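Here is what each chain is made of, one letter per residue.
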Protein chains: 2
Amino acid sequence: MASPAICDRNNRNDGENGSWSMGLCGKVMNKVVEFPIKLKKLGQDDPRRVVHSLKVGLAVLLVSLLYYVQPFYNGLGDTTMWAVITVVVVFEFSVGATLGRGLNRILATFLAGALGFGVHHLASISGEIGHPILIGIFVFLLAASVTFIRFFPRMKARFDYGLLIFILTFCLISVSGYREEEILEMAHKRVSTILIGAFTAVFVCIFICPVWAGDDLHNLVANNIEKLGSFLEGFGDEYFKVAGNGESNRAHLQGYTSVLNSKQSEETQANFARWEPRHGKFRYRHPWRHYLKIGNLNQQCAYRIETLNGYLNSEIQTPLNIQSNKVQELCMKMSSESGKALKELAWALKTMTEPCAAASSHITKSRAAANNLTSMFRTSAAAAAGEGGYQVRLQDMVPAVTVASLLSDVVAYAEQIEKSIQELASFPHVQFKSAEPKTLQSCNTSSSNVGPHHVITMDRLASLQVQEPHKEIGTKLQRVSSAI
Amino acid sequence: MASPAICDRNNRNDGENGSWSMGLCGKVMNKVVEFPIKLKKLGQDDPRRVVHSLKVGLAVLLVSLLYYVQPFYNGLGDTTMWAVITVVVVFEFSVGATLGRGLNRILATFLAGALGFGVHHLASISGEIGHPILIGIFVFLLAASVTFIRFFPRMKARFDYGLLIFILTFCLISVSGYREEEILEMAHKRVSTILIGAFTAVFVCIFICPVWAGDDLHNLVANNIEKLGSFLEGFGDEYFKVAGNGESNRAHLQGYTSVLNSKQSEETQANFARWEPRHGKFRYRHPWRHYLKIGNLNQQCAYRIETLNGYLNSEIQTPLNIQSNKVQELCMKMSSESGKALKELAWALKTMTEPCAAASSHITKSRAAANNLTSMFRTSAAAAAGEGGYQVRLQDMVPAVTVASLLSDVVAYAEQIEKSIQELASFPHVQFKSAEPKTLQSCNTSSSNVGPHHVITMDRLASLQVQEPHKEIGTKLQRVSSAI
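Chain A is annotated in an unreviewed UniProt entry as Aluminum-activated malate transporter 2-like from Malus domestica. Per UniProt, chain A carries the Sequence similarities (unreviewed entry) text "Belongs to the aromatic acid exporter (TC 2.A.85) family." In its Subcellular location (unreviewed entry) section, the UniProt entry covering chain A states "Membrane".

Written as structure tokens, this is what we have:
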């Protein structure tokens, strides 16, 4: 519910004269007209949503048919509804989530059913007065203690639904006014229907266009690395206005913002992925938790990039008045090289290919630029007196120094991301393809597929390497470029 | 499931000789011994968890008694179980969440029940063969379309549970093999029991130690501002090692990290809070969404602080070799003053008092220091030649300039946070107490309650103001300090 003050403001923004006359009716009409457009967009954003909805419809339909198959209905009777309930409640978007909920439901129903039956038996032999008192005490204690256990972060992550169903089933069985024979028959029927429901849900979920939480996590982390890379590739040109086409590129750079808050969804996906059997490229016991480590590095890197982005944004910014070409060149190099490295790493992770030499060489180049900048700062006092065209003007340097310093952090994170991807590749249950000559070629192609102005940048950077005053780094770079 | 490689590494870290001999048995024993300690910690961290668990136990017990109250049981029979199911499923930690789920359940049951009855009637008049076909088509279409609607972010946030129950109830009613009279009786009983269950849950939730999602959101945002303030207050001393006691303070500064990822929980709480009636300081239509705006600024500020924190961390750091006292002093001032300002703002928000003059004066001081630093950088070329004791040594300046630049961003965010809190206070449904002289006094006291070394910092800062070369800012500061 938006507060009226906000509503008023929005309305005023809509246009001073038009919006008020439109009134409530027009707004409702607008909503009605917009609805199918929004629906279409929702489906286009991720077509798997449409497939998932049809799958849920199918699973519910299948399980509803039990009512019309006489042998089933005669055997199960009204408890057939538990199959419908189970399908609706258990069917989730990804296989991991569905399996998790299904297993939670089945296990919890079994355990709580057995415990409830025991308590019901104990109560029924303790006389007319003892019966409700004993049941009351057990119900209270169990509901309270299991609710408390649900607060454990680990239990909440994996068994929250199971614990809920545990309380539910325990209460239903132990409290019920049935005789013991009735309970056994009811339990038998209910467990059967729940099994039928859970299996229907899991079957439809796995065998018709399955959505694997593991795949999603893998792609999410790889895409996040790519988004960071895209920002860094474009940042240098945008900040130093080399591209010269102003605003147009800036919106293009904002992809990284989704990385800032992806921790929660990564953790959720990792928890779901652990329920999944081996599939596609992923074996059983794939180290899903390691993705959280890479994801964490991504976020750390994204925080720095968010700060860097503040320097593109004119609202909160130190004055931009760059004059020193050398610093500019090195910053652009750090940015574009680390960006390219991250894109290569994203590609390697996505295709599960060992990070190819191109990634390492980009990392080395960006590190070299960072070191170069540091040593340039070290010798700056001398340079200020000596070299022409490069003067220490502190006011001009402030934003550049900050950007350089932040980029240096980003380079360090790119190195750590590379390391952690290599660590992932070295896990015993993980198989990364080795970067064969053919793959390597495609890997190089992917790095040159970044559009014409990046090629220009690379050429310019290459020419910079020749001018480099620090011989050691120059040699290092030549060694690296010959290795590509 | 930790991967074996990680397990091995952990074991090795436990101590080369001891841990292997301990074996599985020892580990299980350890877990068993640790369990009560963890339980105790969980309760101590938030005692409301214990109360909530007892409340759930009580609500389930109350609703179970229906089985033993003969008139109820005779009237409702087996459908009594729906009361138990409703309590277990609807009862959530906060009032908002419980109300939201309860209303969702009741509304969805009504609507889906009516629709299901209509479809059942339509099918029953369409003959033996038409009946299952028509029901099948309706069930498939409704389950698929409602599942798709659940993907709308807005629907997911507020009505996800309702939509689930809608599918469930519709299928149960329309598919069931009952005659129409039976359905009407069943529907009547089920709606009654669901109402009883929902009201029991809501009653216990509201009238026994209620946990308001609105309060939680309010406190979360205020505490987050305070955490940022605490970091900034301590950062200057820690970075420039004035306190001199090395590592001890660093852990104390890490409170802000929780701010980085609090967006999700803020959004969840805001959604719950919108279900809540007026309570405590909050009227109906309190602008909960505005807290998300403040929260967003907090996160933006936290990203900068995270970057700043990287400069405390030795792993990823530009070399620290600060010699220029002036920059150091101004940085410390920016940091500590903006920290104090944020703490005052947190206090003002928490107690819903209009931000007192102290907050503004701290903001003004930190802004003055930032401007001062900028103008110092502007005149630095001249200063380098003229003034003694302050020389431009670029290498030494790099980390300081970066830190100064980041702190300048942080000051800008502190200003924005102040503005948005004032904006919150100006909403028509919000009542902030005006900062009366008495409140102002306590406000000032709260800022001086920060321990002895902060007092030293303040004294030192006060003495710095006198030495300030820029007369205009000096006068401004004197004006400000006289206003406190």
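This part takes up the overall build of chain A. A count of helical and extended segments in chain A gives 21 helices and zero strands. The buried share of chain A, taken over its 484 residues, is 52%. Within chain A, contacts between residues at least 6 apart in sequence are counted, and of these 80% link residues at least 24 apart. When the accessible surface of chain A is totalled, it reaches about 21600 Å², and 60% of it is carbon and sulfur.

All right, on to the environment of Cys331(B) then. Residues and elements named next belong to chain B. Among the secondary structure elements, Cys 331 is positioned in helix H15 (residues 325–351). Of the residues examined, Cys 331 reaches a relative accessible area of 0% and is grouped as buried. For the pair Cys 331 and Glu 181, spaced 150 residues apart in the sequence, the C-alpha separation amounts to 79 Å. Leave out the neighbours within four places in its chain, and Cys 331 touches Phe 240, Ala 400, Val 403, Ala 404 and Leu 407.

Turning our eyes to something else, we now look at the nonpolar core. Counting residues in each nonpolar core, the largest one holds 125 residues, and the members touching the most others are Ile225(A) and Ile225(B). Excluding its chain neighbours within four sequence positions, the residues that come into contact with Ile225(A) are Ile294(A), Asn298(A), Leu342(A), Leu345(A), Ala346(A), Leu349(A), Ile417(A) and Ile421(A). One finds Ala83(A), Val119(A), Val175(A) and Val60(B) within the second-largest nonpolar core, a separate group that totals 97 residues.

As a further point, take the pattern of salt bridges. Tallied over the full model, the rule gives 28 salt bridges over all chains. Its salt-bridge partner being Arg48(A), residue Asp46(A) comes within 3.1 Å of it at the nearest N-O pair. Assessed through its relative accessible area of 17%, Asp46(A) is described here as buried. Here Asp216(B) makes a salt bridge to Arg48(B), at a shortest N to O gap of 2.9 Å. Here the residue Asp216(B) occupies a position in helix H10 (residues 213–239), and Arg48(B) occupies one in helix H3 (residues 48–64), the gap between them amounting to 168 residues. On the accessibility criterion, Arg48(B) (31% relative accessible area) is partly exposed.

On to the UniProt feature "transmembrane region" (unreviewed entry) in chain A. Per the UniProt record, the feature "transmembrane region" (unreviewed entry) sits at residues 50–69, 81–99, 106–123, 129–149, 161–179 and 191–213 of chain A. With 100% helix and 0% strand, residues 129–149 of chain A has end C-alpha atoms that lie 31 Å from one another.

With that settled, the discussion passes to the domain arrangement of chain A. Many analyses report the size of an interface as the accessible area lost when the parts associate. Residues and elements named next belong to chain A. When the domains of chain A are assigned, the result is domain 1 (41–207) and domain 2 (213–242 + 249–384 + 399–426). For domain 1 and domain 2, the distance between their C-alpha centroids amounts to 45 Å. In this complex, domain 1 contributes twelve residues to the contact, which on the side of domain 2 involves eight residues. Buried area between domain 1 and domain 2, summed over both chains or domains, comes out near 900 Å², and the portion from carbon and sulfur atoms is 61%. Counting the surface domain 1 buries against domain 2, the share from its top three residues, Ser 94, Gly 96 and Arg 158, is 46%. On the surface where domain 1 and domain 2 come into contact, there are one salt bridge. If you list the elements that add at least two residues to the side of domain 1 that touches domain 2, you get helix H6 (95–124) and helix H8 (153–175). Sort the elements by how many residues they give to the side of domain 1 that touches domain 2 and H6 lands first, with seven residues.

For the rest of this paragraph, the subject is the side chain of Thr353(B). Take Thr353(B): it is sitting in the loop between H15 and helix H16 (357–378). At 2.7 Å, the side chain of Thr353(B) and the side chain of Thr351(B) are in polar contact.

Under the criterion given, the structure shown has 21 aromatic pairs over all chains. In textbook terms, an aromatic cluster arises when at least three aromatic residues are bridged by ring pairs, as seen for Phe231(A), Phe235(A), Tyr239(A) and Tyr256(A). In this structure, Arg101(B) is placed above the aromatic ring of Tyr161(B), and the distance from its NZ or CZ to the ring centre is 4.0 Å. In this arrangement the basic side chain of Arg158(B) is found over the ring face of Trp275(B), its NZ or CZ atom lying 4.5 Å from the centre.

We now examine unusual backbone geometry. The backbone of Met352(A) shows a phi angle near 50°, a positive value even though the residue is not glycine. Its location among the elements puts Met352(A) in the loop between helix H15 (325–351) and helix H16 (357–378). Overall, Met352(A) belongs to the buried group, its relative accessible area being 2%. With a phi angle near 65°, Arg285(B) is a residue other than glycine that sits in the positive phi range.

Taken together, the side chains of Lys31(A), Lys38(A), Arg154(B) and Arg289(B) define a basic patch exposed on the protein surface. Here Lys31(A) is to be found in helix H2 (residues 18–45).

Another point: the packing of helix H6 (residues 95–124) of chain B against helix H7 (residues 127–149) of chain B. All names here are of chain B. Two numbers describe how H6 lies on H7: the axes approach to 8 Å, and their chain directions differ by 150°. In terms of axis orientation, H6 runs roughly antiparallel to H7. Listed contacts from H7 to Leu 115, Val 119, His 120, Leu 122, Ala 123 and Ser 124 of H6 are Gly 127, His 131, Leu 134, Ile 135, Phe 138 and Leu 142. Each residue belonging to the contact of H6 with H7 can be placed in one class, and the counts come to eight nonpolar, four polar and no charged.

Of all the bends in H8(A), the largest measures some 85° and sits at Phe159(A). The element H8(A) is largely enclosed, with a buried count of 17 among its 23 residues.

What follows concerns the confidence of the model for chain A. All names here are of chain A. Counting all residues, the mean pLDDT for chain A is 77, and 76% of those residues have values of 70 or more. Note that pLDDT drops below 50 for residues 381–392; the model gives that stretch eleven contacts with residues more than four away or on any other chain. Throughout residues 438–484 the model reports pLDDT below 50, and contacts reaching past four residues in sequence, or to other chains, amount to 51 contacts.

Residue and element names in this part refer to chain B. Along the chain, His 362 turns up in helix H16. Of the residues examined, His 362 reaches a relative accessible area of 4% and is grouped as buried. Side chain to side chain, His 362 and Glu 337 meet in a polar contact 2.7 Å long.

A word on the state of the cysteines. A full pass over the atoms with the stated rule returns zero disulfides over all chains. In this model Cys171(A) remains outside any disulfide bridge; the closest cysteine sulfur is found in Cys205(B), 17 Å from its own. Owing to a relative accessible area of 1%, Cys171(A) belongs among the buried residues under this scheme. Here Cys209(B) stays unpaired: no disulfide links it, and the sulfur of Cys205(B), its closest cysteine neighbor, is 11 Å away.

Right, let's get into the environment of Ala270(B). Residue and element names in this part refer to chain B. Checked against the element boundaries, Ala 270 lands in helix H13 (residues 263–273). Sequence separation between Ala 270 and Ala 157 is 113 residues; the distance between their C-alpha atoms is 9.9 Å. When neighbours within four sequence positions are excluded, Ala 270 is seen to be in contact with Leu 217, Trp 288 and Leu 292.

All names here are of chain A. Close contact between helix H10 (residues 213–239) and helix H13 (residues 263–273) brings their axes to 8 Å; oriented N to C, the two are set at 150°. The interaxial crossing formed by H10 with H13 has left-handed handedness. Counting all contacts with H10, which are made through Ala 213, Gly 214, Asp 216, Leu 217, Leu 220, Val 221 and Asn 224, the residues of H13 involved are Ser 265, Glu 266, Gln 269, Ala 270, Phe 272 and Ala 273. Tallied by class, the residues present in the contact of H10 with H13 amount to seven nonpolar, four polar and two charged.

Rules used throughout
- Residues numbered from 1 in each chain as written.
- Chains lettered and ligands numbered in written order.
- Predicted model: local features only at pLDDT ≥ 70, side-chain atom pairs only at ≥ 80, totals over all residues.
- Heavy atoms only, no water.
- UniProt positions renumbered as here; feature names shortened; annotations may be inferred.
- Helix = DSSP H or I, 4+ residues; strand = E, 2+ residues; numbered from the N terminus.
- Buried < 20%, exposed > 50% of the residue type's maximum accessible area, 1.4 Å probe, protein only.
- Contact = heavy atoms within 4.5 Å.
- Areas by Shrake-Rupley, 256 points an atom, 1.4 Å probe, with all protein chains shown as cover.
- Core = buried A, V, L, I, M, F, W, Y, C linked by side-chain atoms within 4.5 Å.
- Salt bridge = Lys/Arg side-chain N within 4 Å of Asp/Glu carboxyl O.
- Domains from an automatic or database assignment.
- Buried area = accessible area lost by both parts, 1.4 Å probe.
- Polar contact = N/O pair within 3.5 Å; in protein donor to acceptor, adjacent residues only side chain to side chain.
- Phe/Tyr/Trp six-rings, centres within 6.5 Å; stacked < 30°, edge-to-face > 60°.
- Lys NZ or Arg CZ within 6 Å of the ring centre and 35° of its normal.
- Patch = residues over 30% accessible without salt bridge, like charges linked within 9 Å, V, L, I, M, F, W, Y side chains within 5 Å.
- Lys, Arg positive; Asp, Glu negative; His and termini not counted.
- Charge placed at Lys NZ, Arg CZ, Asp CG, Glu CD.
- Axes fitted to C-alpha atoms, helices over the stretch in contact; angles between N-to-C directions.
- Parallel < 35°, antiparallel > 145°, perpendicular 65-115°, else oblique.
- Nonpolar A, V, L, I, M, F, W, Y, C, P; charged D, E, K, R; others polar.
- Bend = angle between axes of the 7 residues up to and from the residue.
- pLDDT = per-residue confidence, 0-100.
- Disulfide = S-S within 2.5 Å.
- Left-handed = near helix turned anticlockwise from the far one by under 90°.

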